[in-house]
Amino acid sequence: QKEVEQDPGPLSVPEGAIVSLNCTYSNSAFQYFMWYRQYSRKGPELLMYTYSSGNKEDGRFTAQVDKSSKYISLFIRDSQPSDSATYLCATNPPKGGNQFYFGTGTSLTVIP
Amino acid sequence: ETGVTQSPTHLIKTRGQQVTLRCSSQSGHNTVSWYQQALGQGPQFIFQYYREEENGRGNFPPRFSGLQFPNYSSELNVNALELDDSALYLCASSFGGASTDTQYFGPGTRLTVL
């Protein structure tokens, strides 16, 4: 079983839609969760991180962690064509330093 | 403040050859991690260097090796290249090796093995 599982999509939505991106993780000891955005032919850039459980909001983006179901989500409100990218969820074990485990990424296209 | 840079951008090699990829970390960062990202996959952790010492390794064979220099730049060396080594190689720098330290990724080096 992989540490992090993510539906690869692709996902296509109209501009202005609410987007929900999801991942599951395998180990209940994981506590630090990240969402990265990767544009074509670029390196990933950190969007948001959350520690343990709950929600975190940053502008149009909300990250949510449900530890009881080992489920992490990223919501994008009022999606824009510039949000078109691959979104990667990631986590790392408590003593693993920066040895992040990434999901496969979900490809998102926002259609104008 | 300069970001993470990697060279070269693209590289084509043949099976059995050796390759060296380079990474300059963001100013002030002392930790570099290397990842392999195959097409359609997420990045896979290769190893991390913290203050010139290897600080963790993923599930990659010994023919993947690395170095970190006193200025915290880094190299990834791959010997005896195989077709499956074709991928985007990413380095990420951070200040410190803790789980809460933000990693900043470079644009990657795309390696094609023929």
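Everything discussed here concerns the structure shown above.
What this report covers is the structure whose coordinates are included nearby. All residue numbers refer to positions counted from 1 along the written sequence of the respective chain. As they are written, the chains are lettered A onward and the ligands numbered 1 onward, keeping that order. Thresholds applied to this predicted model are a pLDDT of at least 70 for local features of residues and 80 or more for the giving and counting of side-chain atom pairs; totals over whole chains, interfaces and linings are not thresholded and use all residues. Hydrogens and water molecules were not included; the side-chain quantities draw on all heavy atoms of the structure.

Below, the discussion takes up the sheet that holds strand S7 (residues 64-68) of chain B. All names here are of chain B. The four strands lie next to each other as S1-S3-S8-S7, forming an open sheet whose pairing is antiparallel. Two strands close off the open sheet at either side, each with one partner strand: strand S1 (5-7) and S7. Here the average twist between neighbouring strands, direction ignored, is 20 degrees. At least two bridges found by DSSP between two strands are what make those strands a pair. Helix and strand definitions follow DSSP, with helices as H or I runs of at least four residues and strands as E runs of at least two, each counted in order from the N terminus. Strand direction decides the pairing type here: strand S3 (residues 19-24) and strand S8 (residues 74-78), joined by five bridges, are antiparallel. The partner of Cys23 across the bridge, within S8, is Ser74. Orientation is described by axes fitted as lines to C-alpha atoms, over the contacting stretch for helices, and by angles from 0 to 180 degrees between their N-to-C directions.

What follows is about the sheet that holds strand S1 (residues 4-6) of chain A. Residue and element names in this part refer to chain A. Taken in spatial order, the five strands line up as S1-S3-S8-S7-S6 in an open sheet, and their pairing is antiparallel. What marks the edges here is a single partner per strand, and that holds for S1 and strand S6 (54-58). Between one strand and the next, the sheet's axes are offset by a mean angle of 20 degrees, whatever the strand orientation. With three bridges connecting them, S1 and strand S3 (residues 19-25) associate as antiparallel partners.

Quick look at the nonpolar core now. Residues grouped as a nonpolar core are buried Ala, Val, Leu, Ile, Met, Phe, Trp, Tyr and Cys residues, joined through side-chain atoms within 4.5 Å. Only protein chains enter the accessibility calculation, which uses a 1.4 Å probe. A residue is then buried if its area is under 20% of the maximum for its type, exposed if over 50%, and partly exposed in between. Within the largest apolar cluster, 23 residues are counted, with the highest numbers of intra-cluster contacts made by A:Trp35, A:Ile72, A:Leu74 and A:Tyr87. Those elements that place two or more of their residues in this core are S3, strand S4 (32-38), strand S5 (45-51), strand S7 (61-66), strand S8 (71-76), strand S9 (85-92) and strand S11 (106-111) of chain A. Here, residues are in contact when the closest pair of their heavy atoms is within 4.5 Å. Not counting residues within four places of it along the chain, the set of residues in contact with A:Tyr87 comprises A:Gln6, A:Leu21, A:Trp35, A:Tyr36, A:Arg37, A:Leu47, A:Leu74, A:Ile76, A:Gly105, A:Thr106 and A:Leu108. With 20 residues, the next largest nonpolar core counts B:Leu21, B:Cys23, B:Phe64 and B:Val78 among its residues.

All names here are of chain A. Pairing geometry for S6 and S7, over five bridges, is antiparallel. Note on S7: the bridge partner recorded for Lys56 is Ala63. Linking S6 to S7, which pair antiparallel, is a turn of two residues; within it Gly59 sits at a positive phi near 65 degrees. With six bridges connecting them, S7 and S8 associate as antiparallel partners. Across the sheet, Gln64 pairs through a bridge with Ser73, a residue of S8.

By themselves, these observations are geometric and do not establish any function.
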